[in-house]
Amino acid sequence: AAAAGVLREGPGRTWDQLQKAVGALPQGRFVESRNGLRWLSHAEASLSNFLYSRGIEHRKGERYPKQFAEVSDAKYAIYDLHFKAKDGAWIDVEVWGDNPKGQQAEKYARRRGHKEEFNQGNQNFLGISHKSCYSDTVLTVLLAPYIGVVAPFRFDKPSDVAIPSTHWSN
């Protein structure tokens, strides 16, 4: 009954909101970051934790513009994450996987190429290797042009001070 009430509230609800409303625990391959968002990979959650710990506003990725279908064999694509730069611009982020011998490697390489081609003129686009997302030091350097050098200051647990923010979800 409670779930039905939530569903009747209207469109625009996310799966995360539904799970919280009915008290369901997150399941599957999602990784939760410190701010409660659920990501498709540890790398994305690590990047989210890095941004959260520094007070940088960010959100889950949104769909690419419709024009993406014109350069791709896919009907649509979704950015991994967006964060707000120090100048107020929203930066569109793709976290690239680096497993060329993994499953569907050819499809992934083709899709990545389409995304890179589509974003070629997008000054607010940033592609990050998934390996870079596991290092506070590397992310500090990569993101400095967008957010400056910000030391982590948001610590929710006593152990947070001793653990790099990129490992909070591990």
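Up top is the structure.
Reference entry: report on the structure contained in this document. The written sequence of each chain sets the order in which its residues are numbered from 1. Residues qualify for local features only when their pLDDT is at least 70, as the model is predicted, and side-chain atom pairs are given and counted only at 80 or more; totals for whole chains, interfaces and linings, by contrast, use all residues. Water and hydrogen atoms play no part in the side-chain values, which are based on all heavy atoms of the structure.

Moving on to the nonpolar core. Nonpolar side chains in soluble globular proteins tend to be buried together. Definition of nonpolar core: a set of buried residues of the types Ala, Val, Leu, Ile, Met, Phe, Trp, Tyr and Cys, connected through side-chain atoms within 4.5 Å. Type-normalised accessible area, obtained with a 1.4 Å probe on protein chains alone, sets the label of each residue: buried when under 20%, exposed when over 50%, and partly exposed for intermediate values. One finds L47, L51, F83, V93, I128 and L143 to be the most contacted residues of the largest nonpolar core, which totals 21 residues. Secondary structure is summarised from DSSP: a helix means a run of H or I of at least four residues, a strand means a run of E of at least two, and numbering begins at the N terminus for each. Those elements giving two or more residues to this core turn out to be helix 3 (42–53), strand 4 (81–84), strand 5 (90–96), strand 6 (125–129) and helix 6 (136–147). Counting residues per element, this core draws most heavily on helix 3, at 5 residues. Here V93 is in contact with L47, Y79, D80, L81, F83, L126 and I128, once residues within four sequence places are set aside. Counting residues in hydrophobic clusters, the runner-up holds 7 residues, among them Y64, Y79, W96 and F125. Contacts are assigned to residue pairs that have any heavy atoms within 4.5 Å of one another.

Turning to the pattern of salt bridges, a few remarks are in order. Note on definitions: salt bridges are taken to be side-chain nitrogens of Lys or Arg within 4 Å of carboxyl oxygens of Asp or Glu. Overall, the coordinates contain 8 salt bridges when judged by the stated rule. The partner of D160 in a salt bridge is R34, with the nearest N and O atoms 2.5 Å apart. One end of the pair, D160, is in the segment after helix 6; the other, R34, is in the loop between strand 1 (31–32) and strand 2 (38–39), with 126 residues separating them in the sequence. When the shortest N-O distance is used, the salt bridge between R59 and E62 registers 3.1 Å. A residue is classified by how much of its surface remains accessible, and E62, at 41% relative accessible area, is partly exposed.

Another aspect to go through is the sheet that holds strand 3 (residues 58–60). In spatial order, the strands read 3-4-5-6; together these 4 strands make up an open sheet with mixed pairing. Across the chains shown, the open sheet's two edge strands, defined by having one partner strand only, are strand 3 and strand 6. Strand-to-strand twist across the sheet, computed as the mean angle between neighbouring axes with direction ignored, equals 25°. For two strands to count as paired, DSSP must find a minimum of two bridges between them. Pairing geometry for strand 3 and strand 4, over 3 bridges, is antiparallel. Looking across to strand 4, one finds that R59 is bridged to H82. Only the stretch in contact is used when a helix axis is fitted, and all axes are lines through C-alpha atoms; the angle between N-to-C directions ranges over 0 to 180 degrees. Running over the sheet, helix 6 touches strand 4, strand 5 and strand 6 and is turned about 175° from strand 6.

Turning to the packing of helix 3 against helix 6, a few remarks are in order. Where helix 3 contacts helix 6, the two axes come as close as 11 Å, and the packing angle between them is 60°. For the element pair helix 3 / helix 6, the angle class is oblique. Classified by chirality, the crossing of helix 6 by helix 3 is right-handed. Residues L47, F50 and L51 of helix 3 form the contact with helix 6, whose own contacting residues are D136, L139, T140, L143 and I147. Of the residues contributing to the contact of helix 3 with helix 6, the split by class is 6 nonpolar, 1 polar and 1 charged. By definition in this entry, angles of less than 35 degrees are roughly parallel, angles greater than 145 are roughly antiparallel, angles of 65 to 115 are roughly perpendicular, and the rest are oblique. Helix crossings fall into two classes, left-handed where the near helix is turned counterclockwise from the far one by less than a right angle and right-handed where it is turned clockwise. All amino acids are sorted into three groups, where Ala, Val, Leu, Ile, Met, Phe, Trp, Tyr, Cys and Pro are nonpolar, Asp, Glu, Lys and Arg are charged, and the leftover types, Gly among them, are polar.

Let us now look at the side chain of D92. For D92, the position within the fold is in strand 5. In this structure D92 is buried but unpaired, with R59 as the nearest side chain of opposite charge at 6.2 Å. When neighbours within four sequence positions are excluded, D92 is seen to be in contact with Y79, L81, H82, N122, N124, F125 and L126. Charge counting treats Lys and Arg as positive and Asp and Glu as negative, with His and both chain ends excluded.

Turning our attention to the pairing of strand 5. The buried fraction of strand 5 amounts to 6 of the 7 residues, a majority that puts the element mostly inside the structure. When strand 4 meets strand 5, the two strands line up antiparallel, connected through 4 bridges. Looking at the pairing, H82 lines up with D92 of strand 5. The turn linking strand 4 back onto strand 5 is made up of 5 residues, and G88 within it adopts a positive phi angle of 95°. Across 5 bridges, strand 5 lies against strand 6 in parallel orientation. Within strand 6, the residue paired with E94 across the bridge is G127.

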